[in-house]
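If you want the building blocks of each chain, they are given just below.
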Amino acid sequence: DTGVSQDPRHKITKRGQNVTFRCDPISEHNRLYWYRQTLGQGPEFLTYFQNEAQLEKSRLLSDRFSAERPKGSFSTLEIQRTEQGDSAMYLCASSLGWGQGNGANVLTFGAGSRLTVL
Amino acid sequence: AQTVTQSQPEMSVQEAETVTLSCTYDTSESNYYLFWYKQPPSRQMILVIRQEAYKQQNATENRFSVNFQKAAKSFSLKISDSQLGDTAMYFCAFMKPQGGSEKLVFGKGTKLTVNP
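So, here is what we can say about the structure in this document. This is a predicted model, so every value here is computed, not measured.

## Regarding the nonpolar core
Part 1 of the reasoning: One finds Tyr-25, Trp-36, Phe-75, Leu-77 and Tyr-90 of chain B to be the most contacted residues of the largest nonpolar core, which totals 25 residues.
Part 2 of the reasoning: Looking at this core, the elements that each hand over two or more residues are strand S3 (19-21), strand S5 (33-39), strand S6 (46-52), strand S8 (64-69), strand S9 (74-79), strand S10 (88-95) and strand S12 (110-115) of chain B.
Part 3 of the reasoning: Per-element tally for this core: the top contributor is S10 of chain B, with four residues.
Part 4 of the reasoning: Leave out the neighbours within four places in its chain, and Leu-77 of chain B touches Val-19, Thr-20, Leu-21, Trp-36, Val-48, Ile-49, Phe-64, Ser-65, Val-66 and Tyr-90 of chain B.
Part 5 of the reasoning: Tyr-33, Phe-45 and Phe-109 of chain A together with Phe-106 of chain B belong to the second largest nonpolar core, which has 20 residues in total.

Listed below in structure tokens is the structure:
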């Protein structure tokens, strides 16, 4: 297993454009998380899935943001009509859920997708 | 809502010495997990150590150990025999598992620099 993969690693876009990020979790992990991290800050929770079900979405998350995990494997995070304030590192993480072994609830992070909105 | 506070934005230590990073949290829950994650410059976040709140024994992982004080809601990380590769951002994080909102809530981090 190669860990959590994110693509693209870097994305530069113009304000108003749509962007999509992809995350491939560790194959046996049923939980998948999206976080946003700005420079010098801790990661901020966006949303998470158990299998294909989106269990929680941050109230801070604008309706311009949408995430999917259609078959319970990879996930996509789309940002519509990007704004300069969306510039950040978008982190994906995966884990086993509660009661699924010693590693349950331990998140493994990907390298992140850095978004720059001009 | 749970909050995590790291009061030391930056710290430095000489190689081979010991350093302690502080973390406090606020929760009304009795069962939860606490974590320390490390994020080296331009590299991905990795788990350093995990503590389950119902366990009284402090977790240890090689040179890394925690001082978990449940009543005080304090969870500090001690790094012994510091190495240059320990230079990173360190994040303290909280999770309420098993039917709670099972997401990590992070502090703002402490930037640790290990000097040769």
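## Structural notes on the state of the cysteines
Part 1 of the reasoning: By the definition in use, this model includes two disulfides over all chains.
Part 2 of the reasoning: Here Cys-23 of chain A is linked by a disulfide to Cys-92 of chain A, with a sulfur-sulfur distance of 1.9 Å. In this structure, the disulfide formed by Cys-23 of chain A and Cys-92 of chain A twists by about -70° around the S-S bond and is classed as left-handed. A residue pair is termed long-range when its members are at least 10 positions apart, and Cys-23 of chain A in strand S3 (residues 19-24) and Cys-92 of chain A in strand S9 (residues 88-95) qualify at 69 residues.
Part 3 of the reasoning: For Cys-23 of chain A, a relative accessible area of 0% gives the class buried.
Part 4 of the reasoning: Judged by relative accessible area, Cys-92 of chain A falls into the buried class, the value being 0%.
Part 5 of the reasoning: A sulfur-sulfur distance of 2.0 Å marks the disulfide that ties Cys-23 of chain B to Cys-92 of chain B. The chirality of the disulfide connecting Cys-23 of chain B with Cys-92 of chain B is left-handed, given an S-S dihedral of about -70°. Of this pair, Cys-23 of chain B sits in the loop between S3 and strand S4 (24-26) while Cys-92 of chain B sits in strand S10, and the two are 69 residues apart along the sequence.

## Points about the side chain of Glu-102 of chain B
Part 1 of the reasoning: Relative to the elements of secondary structure, Glu-102 of chain B occurs in the loop between S10 and strand S11 (105-106).
Part 2 of the reasoning: Looking at Glu-102 of chain B, the relative accessible area reads 6%, which means it is buried.
Part 3 of the reasoning: Polar side-chain contacts of Glu-102 of chain B include one of 2.9 Å to the side chain of Arg-31 of chain A.
Part 4 of the reasoning: Look past the residues within four positions of Glu-102 of chain B in its chain and what remains in contact with it is Arg-31, Tyr-33, Tyr-48, Trp-98 and Asn-105 of chain A together with Met-95, Lys-96 and Pro-97 of chain B.

## Thoughts on the sheet that holds strand S7 (residues 65-68) of chain A
Residue and element names in this part refer to chain A.
Part 1 of the reasoning: Spatially, S1-S3-S8-S7 is the arrangement adopted by the four strands of the open sheet, whose pairing is antiparallel. On the outer flanks of this sheet lie strand S1 (5-7) and S7, each paired with one strand and no other. Averaged over all pairs of adjacent strands, the angle between strand axes in this sheet comes to 15°, irrespective of strand direction.
Part 2 of the reasoning: Relative to strand S8 (residues 75-79), S7 runs antiparallel, the two sharing four bridges. Its bridge partner lying in S8, Ala-67 is registered against Leu-77.

## A closer look at the pairing of strand S6 (residues 53-57) of chain A
All names here are of chain A.
Part 1 of the reasoning: With four bridges connecting them, strand S5 (residues 44-50) and S6 associate as antiparallel partners. If you follow Gln-50 over to S6, its bridge partner there is Ala-53.
Part 2 of the reasoning: Two successive antiparallel strands, S5 and S6, enclose a turn made up of two residues, where Asn-51 displays a positive phi of approximately 55°.

## Comments concerning the pairing of strand S4 (residues 31-37) of chain A
All names here are of chain A.
Part 1 of the reasoning: In terms of residue burial, S4 counts as a mostly covered element, since seven of its seven residues are buried.
Part 2 of the reasoning: Because side chains alternate across S4, one face comprises the buried residues Arg-31, Tyr-33, Tyr-35 and Gln-37, and the other comprises Leu-32, Trp-34 and Arg-36, equally buried.
Part 3 of the reasoning: Here S4 hands over to S5 after six residues, with Gly-40 in that stretch at a positive phi of 80°.
Part 4 of the reasoning: Inspection of the sheet shows S4 paired to S9 by seven bridges, in the antiparallel sense. Of the residues in S9, the one forming a bridge with Leu-32 is Ser-94.

Quick notes on the rules
- Residues numbered from 1 in each chain as written.
- Chains lettered and ligands numbered in written order.
- Predicted model: local features only at pLDDT ≥ 70, side-chain atom pairs only at ≥ 80, totals over all residues.
- Heavy atoms only, no water.
- Core = buried A, V, L, I, M, F, W, Y, C linked by side-chain atoms within 4.5 Å.
- Buried < 20%, exposed > 50% of the residue type's maximum accessible area, 1.4 Å probe, protein only.
- Helix = DSSP H or I, 4+ residues; strand = E, 2+ residues; numbered from the N terminus.
- Contact = heavy atoms within 4.5 Å.
- Disulfide = S-S within 2.5 Å.
- Polar contact = N/O pair within 3.5 Å; in protein donor to acceptor, adjacent residues only side chain to side chain.
- Pairing = 2+ DSSP bridges.
- Axes fitted to C-alpha atoms, helices over the stretch in contact; angles between N-to-C directions.

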